[in-house]
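Residue-level structure breakdown
Below are the chains, spelled out letter by letter.
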Amino acid sequence: MIGDEFRKLAEQSGIDLIGFFSVEPLKECLPYLIKRHQAGFSTGFEGGEPEQRIDYLRVFPSAKAGIAIGISNYQVFEAVVDDRVRGQFASVSWGEDYHRVLSRKMNELMEALNDERQKSGALPIQYQVFVDNSPLVDRGSAYRAGLGFFGKNNCLINHQLGSFFFIGQILVDCHIVFEQPQLVKNGCGNCQRCLDACPNQALGEGFSLDPSKCISYLTQKKTLTSDEEDRISTYLYGCDICQNVCPYNQQLKQTREEAFLVDGDTASPSLEGILTLTNKVFKSCYGKTASGWRGKKILVRNAQLIWKNKKRHD
Ligand code: B12
Ligand code: SF4
Ligand code: SF4
């Protein structure tokens, strides 16, 4: 297969970034994964030990090549200003769950490709798609495919999309002819806005992140210590602070993916509305978003903590 054929179909499917990578073990990321694991910074969401995470063949034994994709979710909407106390959903939970959106796009891409192959009598490509649902290191594969660099805020940053994009990967059982990707050079320089902006100093030297201080993690964690409870700020799910301050995330183009679009009231609902959610409303409003996966109880708990912490500071 020729990489350009994938590129053409990806553009037609609304995929913003695409790159290719070899399925040799992801050794370049191993030291970072080991260091993090040894520091006790694993979250339980990683799905495997460092050595297992770099092994593509473990999850798809017939893999011969990999494709990394990126889809932007960046958008600006008018904030709602009224006298209600509101919480925030971070960008990760805006619109339809990114696991679903990216998996759908990648499956569409592969189906379109296999349809074209079928017309010319070629055998279909066997493949598997992954979005944050396997031990694989999504940012690591995208880095190897040349989609961006690792910022000090831990995010993968692309020169066009900033860091507001999700990453998916496809492993295929055929060889792909592609030019060896240029690894993107780190562009942080002396900047450390993200480290300074993080309200709990969760970010450290050497691309480290202490989850017990990270709001994004704490809004998803089932049981919190009282110190952790105090660290939840105004976020109901996720956190965007270290991305919002990044110079690479200013003046970005709005996503063309309609499934991610929301309005100000949805992104920042009243706490009262969350605290009085019925199961039925939770399912219909949040069941298909990324914030739905931890269930109603955690969302309501987060709203209670935002309320409690606000009262403490008033
Ligand atoms: C666990 C997890 C979390 C945890 C821990 C995050 C963390 N920084 O480790 C928590 C819950 C806190 C979290 C939060 C968020 N997450 Co998250 N998360 C993951 C998950 C499941 C694993 C990440 C992981 O392995 N971390 C361990 C570290 C060591 O690995 P890493 O983050 O990939 O970082 C690499 C760099 O440190 C790197 N490295 C650093 N410097 C260098 C230099 C060189 C030369 C090399 C080779 C490597 C290297 O080595 C590491 C391994 O590749 C991935 C999905 C997946 N399966 O990969 C999504 C993922 C990383 N998350 C994502 C997102 C969107 C977020 C949030 C923005 C959501 C939000 N708004 O709240 C925040 C951002 C927080 C932050 N500042 O990182 C996206 C990242 C998109 C992007 N453009 O970067 C991912 C890839 C999901 C996806 N498929 O789109 N997440
Ligand atoms: S996501 Fe929020 S809490 Fe976590 S490191 Fe970034 S700014 Fe800090
Ligand atoms: S805010 Fe500055 S240091 Fe942090 S990721 Fe962006 S460019 Fe790098």
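To start, this report covers the structure provided alongside it. Bear in mind that the values here come from a model prediction, so they are computed numbers and not experimental data.

Around ligand 3 lies a shell formed by Gly151, Lys152, Asn153, Cys188, Cys191, Gln192, Arg193, Cys194, Val245, Cys246, Pro247 and Tyr248. Tallied by class, the residues present in the shell around ligand 3 amount to seven nonpolar, three polar and two charged.

What follows concerns the site of ligand 2. The immediate surroundings of ligand 2 are formed by Asn153, Cys198, Asn200, Ala202, Leu203, Leu209, Cys214, Ile215, Ser216, Cys239, Ile241 and Cys242. Every element with two or more residues in the shell around ligand 2 is listed here: helix H8 (215–218) and helix H10 (241–244). Here the shell around ligand 2 is built from residues that sort into nine nonpolar, three polar and no charged.

Reading across from one edge, S1-S2-S7-S4 is the order of the four strands in this open sheet, with antiparallel pairing throughout. Only two strands of the sheet have a single partner each, and these edge strands are strand S1 (17–21) and strand S4 (127–130). Going across the sheet, the axis of each strand differs from the next one's by a mean of 20 degrees, ignoring polarity. Pairing of S4 with strand S7 (residues 165–172) involves four bridges; the strand directions are antiparallel. Within the sheet, the bridge partner assigned to Val129 lies in S7 and is Ile170. Strands S1 and strand S2 (65–72) of the sheet are contacted by helix H1 (residues 3–12), whose axis makes an angle of about 155 degrees with S1. Across the face of the sheet, helix H5 (residues 98–119) comes into contact with S2, S4 and S7 while running at roughly 40 degrees to S7.

Cut-offs used in this document
- Residues numbered from 1 in each chain as written.
- Chains lettered and ligands numbered in written order.
- Predicted model: local features only at pLDDT ≥ 70, side-chain atom pairs only at ≥ 80, totals over all residues.
- Near = placed C-beta within 6 Å.
- Nonpolar A, V, L, I, M, F, W, Y, C, P; charged D, E, K, R; others polar.
- Helix = DSSP H or I, 4+ residues; strand = E, 2+ residues; numbered from the N terminus.
- Pairing = 2+ DSSP bridges.
- Axes fitted to C-alpha atoms, helices over the stretch in contact; angles between N-to-C directions.
- Contact = placed C-beta atoms within 7 Å.

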